[in-house]
Amino acid sequence: MTAALLTDKYELTMLSAALRDGTAGRRTTFEVFARRLPAGRRYGVVAGTGRFLEALGEFVFDDAALDSVASFLDPATLDYLRGFRFGGDVDGYREGDLYFPGSPVLTITGSFAECVVLETLTLSIFNHDSAIASAAARMVSAADGRPLIEMGSRRTHERAAVAAARAAYIAGFAGTSNLEAQRAHGVPALGTSAHAFTMLHTGTDPADTDSWERAAFRAQVDALGVGTTLLVDTYDVTAGVANAIAVAGTGLGAVRIDSGDLGVLARQVRAQLDTLGATGTRIVVSGDLDEHSIAA
């Protein structure tokens, strides 16, 4: 699939005018940089270079792309685009490097015609990926060595989810729930089950939620082994932890809490697990976390 139409119309109308007046071949340099950082943030993290270079190789105008722009471009511009291949130079920071206001994270040098048509594509990739990586880096710092998993696919566009998972991984996350990010970018995919699986095992007695939960936990452990992570907050966290250990034993890999006051609950669950003898069972917390809630 061509990346040539991932751009704004005015990039091509500028190209057309520059070809007409003879300035299209002038040597130019375009720089990508942040004018300022959001309040309270001291640095950003570069991400998107790899995706941009992939897109650059796909930035060609095939027949379908040319047909879609033929209504507003003259024949000379269409001929130029038909043979377009970027032949300039690209220099930039490594992905994962810090950046500060005014620092050029990417520099593109070539003719004006070569560079101007890449402007929108470049900015859309770097603005998105660097914003995700910068936020992820703050969360990694707040976690202080504890592993983080990106699980935000359901909160964004399906393709943006893949790019976000990649950017978070660059910034230090351990993995993602997104399988396409694993396939396309090698980001480790992680995850076990959701509340729907526990609720699937609802029984006939509406008061006996313990038996429903134990049935769900037993099915998951049978399928994935005791090293799995059991979600314990579908009904009652304290009862959920007790049911998890009753089913899986003290060798259970982890329990997950996805709601409530996570800081308070995590401490309560840690004490409960230790009392039950499950001192090696980890606690996973999830649900709209940022660097402030992670630190808390």
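Not measured: the values here are computed from a predicted model. (Residues numbered from 1 in each chain as written. Predicted model: local features only at pLDDT ≥ 70, side-chain atom pairs only at ≥ 80, totals over all residues. Heavy atoms only, no water.)

1. So, the overall build of the protein
As a reminder of what qualifies: The helix and strand labels rest on DSSP assignments: H or I over at least four residues marks a helix, E over at least two residues marks a strand, and numbering proceeds from the N terminus. Restricting the calculation to C-alpha atoms gives the radius of gyration, and the globule rule supplies 2.2 Å times the number of residues raised to the power 0.38. By the convention used here, residues are in contact when the closest approach between their heavy atoms is within 4.5 Å. Accessibility throughout is a Shrake-Rupley quantity obtained with a 1.4 Å probe, and a residue counts as covered only by protein chains that appear here. Charge assignment in this entry is limited to Lys and Arg as positive and Asp and Glu as negative, and neither His nor the chain termini are counted. Charge placement uses NZ in Lys and CZ in Arg. For Asp and Glu, CG and CD serve respectively.
Secondary structure summary: the protein contains 13 helices and ten strands in total. In summary, the protein has a C-alpha radius of gyration of 25 Å against a globular reference of 19 Å for 296 residues, an excess of more than 25%. Its C-alpha atoms give the protein principal-axis dimensions of roughly 80 × 40 × 25 Å. For the protein, contacts bridging at least 24 residues in sequence account for 71% of all contacts bridging at least 6. Put simply, the protein shows about 15400 Å² of open surface, and 53% of that area lies on carbon and sulfur atoms. For the protein, the distance from the average site of its 25 positive side-chain charges to the average site of its 35 negative ones is 4 Å.

2. Things to note about the pattern of salt bridges
The test is simple: Basic side-chain nitrogens of Lys or Arg form a salt bridge, by our definition, when they fall within 4 Å of a carboxyl oxygen of Asp or Glu.
Throughout the structure, instances matching the rule amount to ten salt bridges. A salt bridge links Asp274 to Arg270, with the nearest nitrogen and oxygen atoms 3.1 Å apart. Residue Asp274 and its partner Arg270 are located together in helix α12 (residues 262-275), separated by four residues, close to a single helical turn.

3. As for the sheet that holds strand β5 (residues 106-111)
Condition: Paired strands, as defined in this entry, are two strands with at least two bridges between them according to DSSP. Note on method: axes are straight lines fitted to C-alpha atoms, helices fitted across the in-contact stretch only, with angles between N-to-C directions ranging 0 to 180 degrees.
A sheet is described by the order of its strands in space; here three strands give the open sequence β1-β5-β3, paired in antiparallel fashion. Among the strands making up the open sheet, the edge pair consists of β1 (27-32) and β3 (89-92). Strand-to-strand, the axes of this sheet are offset by a mean angle of 15°, without reference to chain direction. Two elements, β1 and β5, share six bridges in a ladder whose sense is antiparallel. Looking at the pairing, Thr29 lines up with Thr109 of β5.

4. Considering the environment of Ser211
Following the sequence through the fold, Ser211 ends up in helix α10 (residues 209-224). With 75 residues separating them along the chain, Ser211 and Ser286 place their C-alpha atoms 25 Å apart.

5. Examining α10
Residues spaced three or four apart along an α-helix face the same direction, because each turn holds 3.6 residues. Filter applied, for reference: For a helix, the expected span equals 1.5 Å multiplied by the number of residues minus one.
With 16 residues, α10 should reach 22 Å at 1.5 Å per residue; the first-to-last C-alpha distance of 22 Å fits that figure. At its buried positions, α10 is contacted by α9 (195-200), β8 (229-231) and α11 (237-248). At the C-terminal side of α10, Gly225 shows a positive phi close to 90°.

6. A word on the nonpolar core
Which entries qualify depends on this criterion: For our purposes a nonpolar core is just a set of buried Ala, Val, Leu, Ile, Met, Phe, Trp, Tyr and Cys residues, chained together by side-chain atoms within 4.5 Å. Categorising residues by exposure relies on relative accessible area from a 1.4 Å probe, with only protein chains included: less than 20% of the type maximum marks a residue as buried, more than 50% marks it as exposed, and the intermediate range marks it as partly exposed.
Formed by 36 residues in total, the largest nonpolar core has its most connected members in Phe59, Phe61 and Val117. At the level of secondary structure, the elements contributing two or more residues to this core comprise α1 (9-21), α2 (49-57), α3 (63-69), α4 (75-82), β5, α5 (112-116) and α6 (119-143). At four residues, the largest contribution of residues to this core is made by α5. If near-sequence neighbours (up to four positions away) are discounted, Phe61 is found in contact with Ala4, Leu5, Leu12, Leu66, Leu81 and Arg82. By size, the runner-up hydrophobic cluster in this structure holds 17 residues, among which are Phe217, Val221, Ile245 and Leu262.

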